[in-house]
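Summary of the model geometry
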Amino acid sequence: MNMPWNGRSRAALALATGLALAVAPGCGDGKTRVAGKGGGGSASIAELMKARDLSEADVVAALKTYTPTGVKDEFLMFASGGHGGNALVIGVPSMRILKYIGVFTPEPWQGYGFDDETKALLASGSPEGKTLTWGDMHHPALSETDGVYDGQVLFVNDKANARVAVVDLQDFTTQQIVHSAILRSDHGGAFVTPNTEYVIEGGQFPAPLDGSVADIEKYDDFYRGAVMFWKFDRAKKRIDPAASFAIEMPPYFQDLADAGKLASDGWCFLNSFNTERSYGTGGAGLPPMESGASRNDMDYLHVINWRQAEQVAASDKAQVIQGVRVIPLGVAVEEGLLHFVPEPKSPHGVDVTPNGEEICIAGKLSTQATVFSFARIKEHIDQKKYAGKDPYGVPILPFKDVIRGQVEMGLGPLHTQFDDKGFAYTTLFIESKIARWSLKDLKVIEKIPVHYNVGHLSVAGGDTAKPDGRFLISMNKWAIDRFADVGPLLPQNFQLIDIAGDSMQLLYDMPLPLGEPHYAQMIKTELIKPWEAYTPVGMNQLTHQPDPHAPKSAQEARIERNGDVVDVYMTLVRSTITPDTIKVKEGDTLKFHVTNVEQTRDATHGFCIADYNVNLSMEPGKAANVTFVADRPGVFPFYCTEFCSALHMEMGGFLLVEPKNENAAGTAAADPPRNRADAKPSADGEGG
Ligand code: RUQ
Ligand code: CUA
C-alpha cells in the first residue's frame, strides 16, 4: 500500500482497501454520492465501479487525487505556460489549475498589460520599436535559500526573446522583465544558485555579441555563445542588471544549466550541444543543422566557477558589450574559471544530485545517463589534469576519469529529478516512459509508461537539496488518444504519478490546453505566504508602495482638469464607481487613477471602458493608473467586470467624449450627437 498523505486520505484509503469487499465497512450504509455516468443519483461504490467500469486501482487512484471542497492541496506546482507566455499554478495532487500569472503576454482578466504600469513592464522586455505579445516560456525557477525553495520569488525565461522575468509570490504578479542585449535566445534559463545570488540564463543560438551581422560562413570566428548571470537583489526583489555579468562562450549551443549546491556550491554546470558548430546548410549544400550538429559522439559540459567569475567580472578584465559586463572567453580560460568535460551525445538535461556531489546528464541520442563526480572534476581542475583543449583553448577534462558511471536507461533520456529516498527519475522521450533508478548503484529499478513523448518531469522539491518526493508529474508533449478529440491541435498531457510506494502508480491525466508547457517546480503549499489584499488601501502593484496618485476613499474621488489633461481620481467599492459621470472633450488626455478601497478578501472589482481597450483588475486595496487620449467622440459606458455583489450590474457609469467641433460642454448636452459615426444632420434633413 502506498503512503497516504494525510489523515483524511488515510481514511479514504482504508475505504479504498475495503472496496474489493463491495461493501465498504465504516462507510455508513456503503452508499456515497457521486456525479458522472452511472452516478446520477446515489449508488454504492461497488455499483458505481461497475457502472463506470472502474477497477480497484482506478478507485485507489481517484481517492489519492480527490480533494474535497475547502481542502487545500499539499503542493503547488509552478509550470511554464509555453507560448502563452504565462506561468501556471496548479494544485497537487488534485491537479486543479489555480492561476495563470501573466508574464510575457497580456492577461486580460488580471488587467495585466492594460494599466500604465504593466503596459510599461511588458514593453520593458521588448526590443525597441517592437511590442512582443508572446513568449516561449520554458523553465520556471523558484527562489532558493540553502538550496531549498523559499517560496518568495519565481523566475521564468522566454526562450524566443532572451528574457527573464521576476514574479513576486506575495501577490503572484510579474514585477520585472529583463533582456540581455548580447543574447538572441535563452533556452538555458532560468536556474538559480543555492541562495539565489544569481539567476543563470544560457543562450542557445550563437550570434555576434555586439549585435552586428556577420556572414554565416564566418560562424567560427564571429559568432559566440554566452551565459548570463543575473544578480538578484533580494531586499529589492529585483534583478540588478548593473551588477550582472556574462561569460563569452565558444559558438556551441549552450543549453540547460544547473547550479552546484552543498559540495559543489559556487559552481555551475551548463550543457552544450552542436559542438560541431553546424549552422545548417548555409544555403550551399552543407548538411542541415539537425544532422550537422549530431556528428560528434561527445559534446561539452561547461563547468563554471561562478564565484570566481563574479570577481573577474568586477575587475578591469571584463569588457562592456552592449551595456553588459562580459568576461571574454580568453580571460575565462586564463583565469581558470571555465572547463569542459565531454558528455555523450546531444545532451539535454543536466541535473545536480540533492547532495551536490554528482551531476546527471542524459544524452538525447545516447541510451545512457552519465553520472559525473564533482570531486573528481574538481581534483582534475585543481591539478590541471587535462585531456586536451577545444579549438578556443578551453581545457577539456578526461571523460573516463571524472565520471562515476553510466546508467543504461533506454531511448531518448532527457531530464532527471530526485526524491527523498535516493531514487532518481529520468524521462525517456522516445520510449514514452519514466525510469526510476537508484543513485547508489546506478541501476534502473522500474519504468512506467506515460502518454506520450515526455519532456520534463517534476518531482516535489525534486531539484533541491531536500526533495519531498511523493508525487511526480510527467509533462508529456503529445496526448494523442487520451482525451476527447478537439481537432488537430491537441492538449498537452500532465500525468500525475504516485512515487511514494515501492512501485510507481499513474494517478491522473490532466489535459493542458496551453502550449507548450516545458518545466515545472513543485513546492509545499505552506511555504508560500501570499497577501490576502493590498494593504494599506492604495498600493501600487508594481512598487508595492502606496501609489502617489491613488484616492484612498470615495471622499478623495474627483475630476481635475489642467489644460487638455483630465485626471480622474476614481474609487471602486461594492457597488459604486465614483465618479460615475465623466465629461471630456475629444483630444483630451485622460489619466485615470483608480483604487479599490475595499479590504474584504476576494472583493475584486474590474474596471473597463467600452471601445478604449481599458480593462483593469482591481483587487482589494489595489491602485492602478491608466492613461489614454480620448480620440473617439461618443458615449462610452464604463463598468465593473467582476460579479462582485447583488448590485454588480448597477456598478457603472458614463464617459462622455464631446466632439471637438462642439465648443462648449453645454452645447453637446443640449444638442446630442445622433450616433457615434456621424453627429451631423442626415441627408433627409432630419434632426440638426
Ligand atoms: S528543455 S523538454 Cu526546453 Cu527544458 Cu527539455
Ligand atoms: Cu464591482 Cu461588480
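Reference entry: report on the structure contained in this document. Residue positions are given per chain, counting from 1 as you read along its sequence in written order. Naming scheme: in the order in which they are written, chains are lettered from A and ligands are numbered from 1. The model is predicted, so local features are restricted to residues of pLDDT at least 70 and side-chain atom pairs to those at 80 or more, both for listing and for counting; the totals for chains, interfaces and linings are taken over all residues. Excluded from the side-chain calculations are hydrogens and water; all other atoms, namely the structure's heavy atoms, are used.

**Some details on the site of ligand 1**
To be explicit about the condition: Note on definitions. A residue lies near a molecule or strand when any single heavy atom of the residue is within 4 Å of it. Side-chain classes follow a simple rule in which Ala, Val, Leu, Ile, Met, Phe, Trp, Tyr, Cys and Pro form the nonpolar group, Asp, Glu, Lys and Arg form the charged group, and the remainder, Gly included, forms the polar group.
H138, H139, H187, L256, H348, H415, G455, H456, K477 and H518 make up every residue found near ligand 1. A class-by-class count of the residues in the shell around ligand 1 yields one nonpolar, eight polar and one charged.

**Concerning the nonpolar core**
Applied cut-off: Nonpolar core, defined: a set of buried Ala, Val, Leu, Ile, Met, Phe, Trp, Tyr and Cys residues in which side-chain atoms within 4.5 Å join the residues together. When a residue's accessible area, from a 1.4 Å probe over protein chains only, is under 20% of the maximum for its type it is buried; when over 50% it is exposed; and in between it is partly exposed. The criterion used for residue contact is that any of the two residues' heavy atoms lie within 4.5 Å.
Ranked by size, the top nonpolar core spans 47 residues in total, and within it F229 and I247 carry the most contacts. When near neighbours in sequence (up to four residues on either side) are disregarded, I247 contacts G225, A226, V227, F229, I304, A309, I327, A332 and L337.

**Structural notes on the side chain of E642**
Heads up, the condition is: The helix and strand labels rest on DSSP assignments: H or I over at least four residues marks a helix, E over at least two residues marks a strand, and numbering proceeds from the N terminus. Only four residue types enter the tally: Lys and Arg on the positive side, Asp and Glu on the negative side, with His and both chain ends excluded. Salt bridge criterion: a side-chain nitrogen from Lys or Arg within 4 Å of a carboxyl oxygen from Asp or Glu.
Positionally, E642 belongs in the loop between β44 (634-639) and β45 (652-658). Look at E642: it is buried, it has no salt bridge, and the nearest opposite charge is K622 at 10.0 Å. Residues in contact with E642, not counting those within four places in the same chain, are W109, T604, H605, G606 and H648.

**Here we look at a nonpolar patch on the surface**
For the record, the criterion: Patch construction takes residues with relative accessible area above 30% that form no salt bridge. Like charges are linked within 9 Å, and nonpolar side chains (Val, Leu, Ile, Met, Phe, Trp, Tyr) are linked within 5 Å. Surface accessibility in these figures is a Shrake-Rupley result with a 1.4 Å probe; residues are shielded only by whichever protein chains are displayed.
On the surface, a cluster of nonpolar side chains totalling about 260 Å² of accessible area is made up of L411, F429 and I430. Its place among the elements puts L411 in the loop between β25 (403-408) and β26 (413-418). Residue L411 is classed as partly exposed on the basis of its relative accessible area, which comes to 42%.

**Description of the packing of aromatic side chains**
Filter applied, for reference: Any two rings among Phe, Tyr and Trp, with Trp reduced to its six-membered ring, count as a pair given centres within 6.5 Å; such a pair is stacked if its planes are under 30 degrees apart, edge-to-face if over 60, and tilted if neither. Definition used: whenever NZ (Lys) or CZ (Arg) falls within 6 Å of the ring centre and also within 35 degrees of the ring normal, the charge is taken to sit over that ring.
In total, this model carries 24 aromatic pairs according to the counting rule given. Feature note: the residues F592, F607, Y612, F628, F636 and F638 constitute an aromatic cluster, connected by ring pairs. One residue, K231, lies across the ring of Y198, its end atom 4.9 Å from the ring centre.

**Section: the sheet that holds strand β41 (residues 605-609)**
Rules: Strands are treated as partners if at least two bridges between them are detected by DSSP. Every angle, taken between N-to-C directions, lies between 0 and 180 degrees, and every axis is a line fitted to C-alpha atoms, over only the stretch in contact when it is a helix.
Pairing in this open sheet of five strands is mixed, and the strands run β39-β45-β44-β41-β42 from one edge to the other. Lying at the two open borders of the sheet, with one neighbouring strand each, are β39 (581-585) and β42 (614-618). On average, each strand axis in the sheet is tilted by 15° relative to the strand beside it, whichever way the strands run. Bridge count between β39 and β45: five bridges; the pairing is parallel. Bridge pairing links I582 to L655 in β45.

**Concerning the pattern of salt bridges**
Scanning the entire structure with this criterion turns up 27 salt bridges. Across the salt bridge formed by R558 and E560, the nearest N and O atoms sit 2.8 Å from each other. Of the residues examined, E560 reaches a relative accessible area of 30% and is grouped as partly exposed. Here the salt bridges do not stand alone but share partners, grouping E431, K433 and K447 into one network.

**Some details on the pairing of strand β22 (residues 368-373)**
Counting buried positions over the six residues of β22 gives five, a clear majority of the element. Where strand β21 (residues 358-363) lies against β22, five bridges are found, and the strand directions are antiparallel. Residue pairing for β22: I359 is matched across the bridge by F372. What sits between β21 and β22 in their antiparallel hairpin is a turn of four residues. Bridge analysis of β22 against β25 gives five bridges, and the strand direction is antiparallel.

**Section: the environment of Y300**
Topologically, Y300 is positioned in strand β16 (residues 298-305). Of the residues examined, Y300 reaches a relative accessible area of 16% and is grouped as buried. When the C-alpha positions of Y300 and D390 are compared, they lie 9.4 Å apart, and in sequence the two are 90 residues distant.

**Details of the pairing of strand β9 (residues 173-179)**
Most of β9 sits out of view: six of its seven residues are buried. The sheet contact formed by strand β8 (residues 163-168) and β9 spans six bridges and is antiparallel. Note that in β9 the partner of R163 across the bridge is H179.

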